[in-house]
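These are the residues of each chain, in order.
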Amino acid sequence: MNELLKEVLKYIPDKAEILEPGFEGANIVLYTKSKEFLLNNSDIIKNIVDAVKKRIELRPDPSLLMDQEKAEKEIKKLVPEEAGLTNIIFDVPRSKVILEASKPGLAIGKSGEILKEIKKKTFWIPLVRRTPPIKSQITDKIRSVLYENNDYRKKFLNKVGERIYGGWTNEKKDIWIRVSILGAGRQVGRSCLLLQTPESRVLLDCGIDVAAQDPNDSYPMLEAPEFDINKLDAIIITHPHTDHCAFVPYLYKMGYKGPVYFTEPGRDIASLMALDYISVGQKENKKIIFGSVDIKEMVKHSITLDYDEVTDITPDIRITFYDAGHTLGSAMVHLNIGNGLHNLLYTGDMNYETSNLLSAAITRFPRLETMIMEATYGGSNENYPTRKEAEELLAKTIKATIERDGKVLMPVLGTGRAQEIMVIIDKMIRNSQLDKIQVYVQGIVWDITAIHTAYPDFFNSNVRKMVFHKDQNPFLSDIFKRVGSRQEMQEVLELGPCIILATSGMMVGGSSVEYFKELADNPRNSLIFSSYLGKGSLGRRISDGEKEFNIDGKQISMKMEVVAIKGFTGHSTRERLISFVRHLDPKPKKIILVHGDNSNCLDLASNLHKMFRIETNAPKNLEAIRLR
Ligand code: ZN
């Protein structure tokens, strides 16, 4: 038996009747056959947690559990009607029962008294989850994939634990640490870093660069000699944008069987985007590198973490996710390597500004020696209006368009920007800055919005307050309406003034282009860009002033008003990147810049060095840096 489990068992009295202790990822799981020990053990388990510094979960052996039908009746008796119980799911291998409720607080009861009562009566361990107010098929599907593969998951998570604690020891060893840049070195796109120690090999992000001119430059450089898929311990994904996570299903196709770490919304949105990648690729006859089975494998091997939850992922690496403020559930990864020998922060993409939807990126960490930071807008020539200025321009443009009886088309990125714009429009109408107007939200944007409503805890405190205390969930406002079919799209075009949100943001395919074809020749209409416009994209050509287009054989003369609003970025502006470093506590000794073009990375590296006297570096792809 594993040394750590042996140590845990030493503390446990015989009367506890623990049969076979095991792991669930980094957590230790004990199943007891004693009802008495299950209900009254608090001190014993607490003392073990203090001694071994690992999370321990005590669960009832399945033989103790009340029959499901009876338990369901009992639960319905105990949970008050006002809690809005919508679903009861029994997770048999884990002896848990999941209660989905519209008002989770009421299902939990004062200091958890209802849950305690359920456990005492049925011996099932109750967990309460919020019923998403907008139903999301993808979230349901992911939950059913996890559920159907419960037995596989149990074995898989135990194996992950065996690997993490295989050479378990509390002693410090002097080790070397090295990071290889396999993508996003002096470029935006295909983010991928390989972190190695004598014990561990971990990938940080693994994305695809969809804008690459040469298809060979689309994927991370996994041909680097130090990468071996058979020796990979873990993948960590900061957030579900294509350039950070889209290559992950392919690794499962190639035979990877280890864990991939996400936040919960990160996992859901990444899966949805991967499915969308397949369906868009099929429609546009592009080369598709993985199938839906590979996405399923990704979900089956996913481990989700909350912000601030410290978790071992290999024998010498412990990670914690911190809020990055970039998209829903986006994370910066803090890696404690070698039991505190070295602390590394990888920011992924981050925004050091409170947006209309999310909080600003965190700047306080327990310890910090090296930081790998994004430099998207790090150059001194990058100037952006403030969010407030951007909002004013948005309101002005919408108002003018509506007054002249036109429609507003907003091509948006499915994740992040679209939802922030929904919140802004809802806010403007509430504040009477705008008259009430219908906003049509195209398919995938709506689906991602539905995922947002399943995880309100990840919003900033303002939006959380609206959702939890004022019953004013901005996404549930009746101004928003989903548009799915062609027929519905046609109806929108025939109606009067309205706002239309559709992907893609750069107008490279997707319904934004379909709408554009119909709306372009009417000068009453307007087109508002809010995302980054890549070179060569239709969006960029329009915003550069081109007027005549031939799209799928249709000749189009551009007569709409065009406005590009830059201030809604999910990235930190240069000023905020610098301010982020200024506020870091503690300050790192070394900063490595990635995820910016050549000049932005170099420019920011030299500036940060001058301002803070910190060693900086802007490595190219395939370069490796020794951290220790
Ligand atoms: Zn991103």
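Residues numbered from 1 in each chain as written. Predicted model: local features only at pLDDT ≥ 70, side-chain atom pairs only at ≥ 80, totals over all residues. Heavy atoms only, no water.

## Focus: the overall build of the protein chain
Then comes step 1: Helices and strands together make up the secondary structure of the protein chain, namely 21 helices and 28 strands.
Then comes step 2: The C-alpha radius of gyration of the protein chain comes to 26 Å, within 12% of the 25 Å expected for a compact globule of 628 residues.
Then comes step 3: Projected onto the principal axes, the alpha-carbon positions of the protein chain cover approximately 80 × 60 × 45 Å.
Then comes step 4: Counting every position in the protein chain, which comprises 628 residues, the buried fraction comes to 58%.
Then comes step 5: Looking at the protein chain alone, contacts between residues at least 24 apart form 72% of all its contacts between residues at least 6 apart.
Then comes step 6: Surface exposure of the protein chain reaches about 27200 Å², of which carbon and sulfur atoms provide 48%.
Then comes step 7: Across the protein chain, the mean location of the 86 positive side-chain charges is 2 Å away from that of the 83 negative side-chain charges. (Helix = DSSP H or I, 4+ residues; strand = E, 2+ residues; numbered from the N terminus. Rg over C-alpha atoms; globule rule 2.2 N^0.38 Å. Buried < 20%, exposed > 50% of the residue type's maximum accessible area, 1.4 Å probe, protein only. Contact = heavy atoms within 4.5 Å. Areas by Shrake-Rupley, 256 points an atom, 1.4 Å probe, with all protein chains shown as cover. Lys, Arg positive; Asp, Glu negative; His and termini not counted. Charge placed at Lys NZ, Arg CZ, Asp CG, Glu CD.)

## Comments concerning the sheet that holds strand β13 (residues 311-314)
Then comes step 1: Spatial strand order, β13-β14-β15-β16-β17-β26-β27: 7 strands in an open sheet with mixed pairing. Each having just a single partner strand, β13 and β27 (615-617) make up the two edges of the open sheet. Between one strand axis and the next, the sheet turns through 25 degrees on average, direction left out of account.
Then comes step 2: Relative to strand β17 (residues 370-374), strand β16 (residues 342-346) runs parallel, the two sharing 3 bridges. For Leu 344, the partnering residue across the bridge sits in β17 and is Thr 370.
Then comes step 3: Here helix α20 (residues 574-583) sits on the sheet and contacts β15 (331-337), β17 and β26 (590-594); the angle it forms with β17, its principal contact strand, is near 165 degrees.
Then comes step 4: Contacts from helix α21 (residues 598-612) reach β17, β26 and β27, with the element oriented near 165 degrees to β26. (Pairing = 2+ DSSP bridges. Axes fitted to C-alpha atoms, helices over the stretch in contact; angles between N-to-C directions.)

## Some points on the sheet that holds strand β6 (residues 125-130)
Then comes step 1: In space, the 3 strands of this open sheet follow the order β4-β5-β6, with mixed pairing throughout. Looking at which strands have only one partner, the edges of the open sheet turn out to be β4 (85-91) and β6. Direction aside, the axes of adjacent strands within the sheet are offset by 20 degrees on average.
Then comes step 2: Note that strand β5 (residues 96-101) and β6 share 6 bridges and pair parallel.

## Topic: the coordination of the zinc ion
Then comes step 1: Around the zinc ion, the protein contributes the donor atoms His 239 (NE2), His 241 (ND1), His 326 (NE2) and Asp 349 (OD), at 2.2 to 2.3 Å from the metal centre.
Then comes step 2: Taken together, the 4 donor atoms coordinating the zinc ion span angles of 90 to 170 degrees at the metal, a pattern that classifies the geometry as irregular.
Then comes step 3: Counting the intervening residues between successive donors of the zinc ion yields the motif H-x1-H-x84-H-x22-D. Of this pair, His 239 sits in the loop between β10 (234-236) and α9 (242-245) while His 326 sits in the loop between β14 (317-323) and β15; the two residues are 87 residues apart in sequence, bridging distant segments of the chain. (Donors = N, O, S within 2.8 Å, 3.2 Å for Na, K, Ca; no water. Tetrahedral: all angles 85-135°; square planar, octahedral: opposite > 155°, others 65-115°.)

## A few points about the pattern of salt bridges
Then comes step 1: Per the stated rule, a full pass over the model turns up 43 salt bridges.
Then comes step 2: Residue Glu 392 pairs with Lys 388 through a salt bridge whose shortest N-O separation is 3.3 Å. Of this pair, Glu 392 and Lys 388 both sit in helix α13 (residues 387-403), 4 residues apart, which is roughly one turn of the helix.
Then comes step 3: Overall, the relative accessible area of 44% leaves Glu 392 in the partly exposed class. (Salt bridge = Lys/Arg side-chain N within 4 Å of Asp/Glu carboxyl O.)

## Quick look at unusual backbone geometry
Then comes step 1: Following Thr 503, the chain continues to Ser 504 via a peptide bond in cis, the omega torsion being 0 degrees.
Then comes step 2: Cis geometry marks the peptide bond from Asp 585 to Pro 586, where omega comes out at 0 degrees.
Then comes step 3: Structurally, Pro 586 is set in the loop between α20 and β26.
Then comes step 4: One non-glycine residue, Arg 186, lies in positive phi territory at about 50 degrees.

## Side note on the packing of helix α7 (residues 137-148) against helix α12 (residues 292-300)
Then comes step 1: Here α7 crosses α12 at 70 degrees, and the two axes come no closer than 9 Å. Looking at the two axes, α7 sits roughly perpendicular to α12. From α7, Ile 142, Val 145 and Leu 146 reach across to α12, where they touch Lys 296, Val 299 and Lys 300.
Then comes step 2: Residues that form the contact of α7 with α12 fall into these classes: 4 nonpolar, no polar and 2 charged. (Parallel < 35°, antiparallel > 145°, perpendicular 65-115°, else oblique. Nonpolar A, V, L, I, M, F, W, Y, C, P; charged D, E, K, R; others polar.)

## Focus: the packing of aromatic side chains
Then comes step 1: Counted under the stated rule, the structure contains 14 aromatic pairs.
Then comes step 2: Measuring from centroid to centroid gives 4.7 Å for Phe 90 and Trp 124, while their planes differ by 65 degrees, and the two rings are edge-to-face. In this pair, Phe 90 is assigned in strand β4 and Trp 124 in the loop between α6 (113-122) and β6, connecting sequence segments 34 residues apart. For the residue pair Phe 90 and Trp 124, the accessibility class agrees, reading buried in each case. (Phe/Tyr/Trp six-rings, centres within 6.5 Å; stacked < 30°, edge-to-face > 60°.)

## Some remarks on the pairing of β5
Then comes step 1: With respect to burial, β5 is a largely interior element, 6 of its 6 residues being buried.
Then comes step 2: Residues Lys 96, Ile 98 and Glu 100 line one face of β5 and the alternating positions Val 97, Leu 99 and Ala 101 line the opposite face, and both faces are buried.
Then comes step 3: Where β4 lies against β5, 6 bridges are found, and the strand directions are antiparallel. Bridge pairing links Leu 85 to Ala 101 in β5.
Then comes step 4: Here β4 folds back onto β5, and the loop between the two strands holds 4 residues, one of which, Ser 95, carries a positive phi near 55 degrees.

## So, the domain arrangement of the protein chain
Then comes step 1: If you check the domain split of the protein chain, you get domain 1 (3-63), domain 2 (65-131), domain 3 (176-380 + 571-626) and domain 4 (387-568).
Then comes step 2: Computed over C-alpha atoms, the centres of domain 1 and domain 3 are 35 Å apart. (Domains from an automatic or database assignment.)

## Focus: helix α3 (residues 42-52)
Then comes step 1: Listing the buried residues of α3 in full gives Ile 45, Ile 48 and Val 52. The buried side chains of α3 occupy one side of the element, clustering within an arc of 60 degrees when seen end-on. Facing away from the buried side of α3 by more than 90 degrees, the exposed set consists of Ser 42, Asp 43 and Lys 46.
Then comes step 2: Phi turns positive, to about 55 degrees, at Lys 53, one or two residues after α3. (Arc of directions from axis to C-beta.)

## Overview of the nonpolar core
Then comes step 1: Ranked by internal contacts, the top residues of the largest apolar core, which has 119 residues, are Ile 236, Tyr 261, Ile 319 and Leu 335.
Then comes step 2: Per-element tally for this core: the top contributor is helix α14 (residues 417-430), with 8 residues.
Then comes step 3: Listed in part, the 29 residues of the second largest apolar core include Val 248, Leu 251, Ala 274 and Phe 290. (Core = buried A, V, L, I, M, F, W, Y, C linked by side-chain atoms within 4.5 Å.)

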